[in-house]
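What the coordinates show
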Amino acid sequence: MGLKPPDPAAVRAWIERTRVAQGLPPTLEDPVVIARLVALLPQPRQTGSIRSGSKAARPRKAE
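The sections below set out a description of the structure shown in this document. These figures come from a predicted structure and were not determined experimentally.

We now examine the overall build of the chain. What the chain contains, in helices and strands, is two helices and zero strands. Looking at the chain residue by residue over its 63 residues, the buried ones come to 2%. With an accessible surface of roughly 6500 Å², the chain has 62% of that area assigned to carbon and sulfur atoms.

Below is the structure:
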């Protein structure tokens, strides 16, 4: 059972509320800070459909 991705509008509203509650502006516009945050965020997982190695034929195991 997979998790449903969060609603982008709800996430955006939560971020804006928590930033304002901390005395920060509701949006982030400093390119240096944005670049640092991007470096901290995890990259999306690859799926088998984009990994070329996953398209190779694999022998089946005898059961």
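On we go.
Glancing now at helix 1 (residues 8–21). The end-to-end C-alpha distance of helix 1, which contains 14 residues, comes to 20 Å, matching closely the 20 Å that a straight helix rising 1.5 Å per residue would cover. At the exit of helix 1 stands Gly23, carrying a positive phi of roughly 80°.

Below, the discussion takes up the environment of Glu29. Looking at the secondary structure, you find Glu29 in the loop between helix 1 and helix 2 (31–40). At 3.4 Å, the side chain of Glu29 forms a polar contact with the side chain of Thr27.

A few words now on the side chain of Arg19. With respect to the helices, strands and loops of the structure, Arg19 is situated in helix 1. Here Arg19 sits buried without a salt bridge, and the closest side chain of opposite charge, Glu16, lies 8.2 Å off (N-O distance). Side-chain polar atoms of Arg19 contact the backbone oxygen of Pro25, separated by 2.7 Å. Dropping the residues within four chain positions of it, Arg19 is found in contact with Leu24, Pro25, Pro26, Thr27 and Leu28.

What counts, and where the lines are drawn
Residues numbered from 1 in each chain as written. Predicted model: local features only at pLDDT ≥ 70, side-chain atom pairs only at ≥ 80, totals over all residues. Heavy atoms only, no water. Helix = DSSP H or I, 4+ residues; strand = E, 2+ residues; numbered from the N terminus. Buried < 20%, exposed > 50% of the residue type's maximum accessible area, 1.4 Å probe, protein only. Areas by Shrake-Rupley, 256 points an atom, 1.4 Å probe, with all protein chains shown as cover. Expected span 1.5 Å × (residues − 1). Polar contact = N/O pair within 3.5 Å; in protein donor to acceptor, adjacent residues only side chain to side chain. Lys, Arg positive; Asp, Glu negative; His and termini not counted. Salt bridge = Lys/Arg side-chain N within 4 Å of Asp/Glu carboxyl O. Contact = heavy atoms within 4.5 Å.

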